[in-house]
Amino acid sequence: MPRTPDTPAVARRRQRELRVISQMIALYCRGNHAGAARTETAFCGEPVCPACAELDAFAHRRTERCPHMATKTSCNKCATHCYPAARQEEIRTVMRYAGPRMLLHHPVAAVRHLVGR
């Protein structure tokens with residue numbers, strides 16, 4: 001079933017969500033994987049390893065298709081879980097690592113993400 005077109009506000013929110021999850025994945029990759037392995041580019045433009053690039057692409061696809069973007073608070077509180085259990089654990093690990101570090105590397109994005117705007 002095709003998704004209805006986003007309003008301008010929802011489109012901006014979706015783009016922000018895409019950028020934030022990508023920045024989190026890039027931070028996680030930078031802190032946990034060797035620099036020589038980071039040969040791919042994440043959605044946010046930062047270098048990542050192939051495994052993190054694949055996770056970034058998966059998160060990108062899921063965020064693009066999220067039907068609840070207009071009313072969404074956070075994925076763990078959402079009624080529809082679009083990540084399979086294994087991916088949920090991967091994303092949880094990334095967020096657990098990158099969440100606190102986002103305040104140092106991307107403070108505005110981190111605060112907006114926490115506030116939910």
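Note that the coordinates shown come from a computational prediction; the quantities given were computed from them, not determined experimentally. Residue numbers run consecutively from 1 along every chain, following the written order of its sequence. Predicted model: local features are reported for residues with pLDDT of at least 70 only, side-chain atom pairs are reported and counted for 80 or more only, and whole-chain, interface and lining totals are derived from all residues. As a rule here, side-chain values cover all heavy atoms of the structure and leave hydrogens and water aside.

Colleague: Looking at this structure, I do not really get the packing of helix H3 (residues 85-105) against helix H4 (residues 107-115). What am I missing?
Modeller: Relative placement of two packed helices is described by the angle separating their axes and the distance separating the axes. Running from amino to carboxyl end, H3 crosses H4 at an angle of 130 degrees, the nearest separation of the two axes being 6 Å. Between H3 and H4, the crossing angle belongs to the class labelled oblique. The residues of H4 that touch H3, namely those facing Met102, Leu103, Leu104 and His105, are Pro107, Ala109, Ala110 and Val111. Across the contact of H3 with H4, the residue classes break down as seven nonpolar, one polar and no charged. Orientation is described by lines fitted to C-alpha atoms, with helices fitted over the stretch in contact, and by angles between N-to-C directions that extend from 0 to 180 degrees. Put simply, DSSP H or I for four residues or longer makes a helix, DSSP E for two residues or longer makes a strand, and each gets a number counted from the N terminus. What sets the label is the angle itself: under 35 degrees gives roughly parallel, over 145 gives roughly antiparallel, 65 to 115 gives roughly perpendicular, and the rest give oblique. What makes two residues a contact is simply this: any of their non-hydrogen atoms within 4.5 Å. In this classification, the charged set is Asp, Glu, Lys and Arg, the nonpolar set is Ala, Val, Leu, Ile, Met, Phe, Trp, Tyr, Cys and Pro, and all remaining amino acids, among them Gly, are polar.

Colleague: In this structure, what is going on with the state of the cysteines? I would like to understand it.
Modeller: Each disulfide is one covalent bond, formed between the sulfur atoms of two cysteines. Count a disulfide wherever a pair of cysteine sulfur atoms falls within 2.5 Å. Applying the stated criterion across every chain yields a total of zero disulfides. Residue Cys49 stays outside any disulfide, its sulfur separated by 3.6 Å from that of Cys52, the closest cysteine.

Colleague: Help me out: how do you make sense of the packing of aromatic side chains in this one?
Modeller: The description of an aromatic ring pair uses the distance of the two centres, along with the angle that the planes make with each other. Any pair of Phe, Tyr and Trp rings, taking the six-membered ring for Trp, is counted once the centres come within 6.5 Å. Such a pair is stacked with planes under 30 degrees apart, edge-to-face with planes over 60 apart, and tilted for the rest. Tallied over the entire structure, the rule returns two aromatic pairs. Judged by centre distance (5.6 Å) and plane angle (85 degrees), the rings of Tyr28 and Tyr97 are edge-to-face. With Tyr28 in helix H1 (residues 8-32) and Tyr97 in helix H3, this pair connects stretches of sequence that are 69 residues apart. Over a ring means this: the NZ of a Lys or the CZ of an Arg is within 6 Å of the ring centre and within 35 degrees of the ring normal. The ring of Phe58 carries the charged tip of Arg87 above its face, separated from the ring centre by 4.7 Å. Above the face of the Tyr97 ring, Arg101 is positioned so that its terminal group lies 3.7 Å from the ring centre.

Colleague: Would you mind showing me how to read the confidence of the model for the protein chain here?
Modeller: Interpreting fine coordinate detail is not advised for predicted regions of low pLDDT. Confidence of the predictor in every single residue is expressed as pLDDT, which spans 0 to 100. With 91% of its residues at a pLDDT of 70 or more, the protein chain shows a mean pLDDT of 85. Across the protein chain, element-level confidence peaks in strand S2 (residues 47-48) with a mean pLDDT of 94 and bottoms out in H4 with 78.

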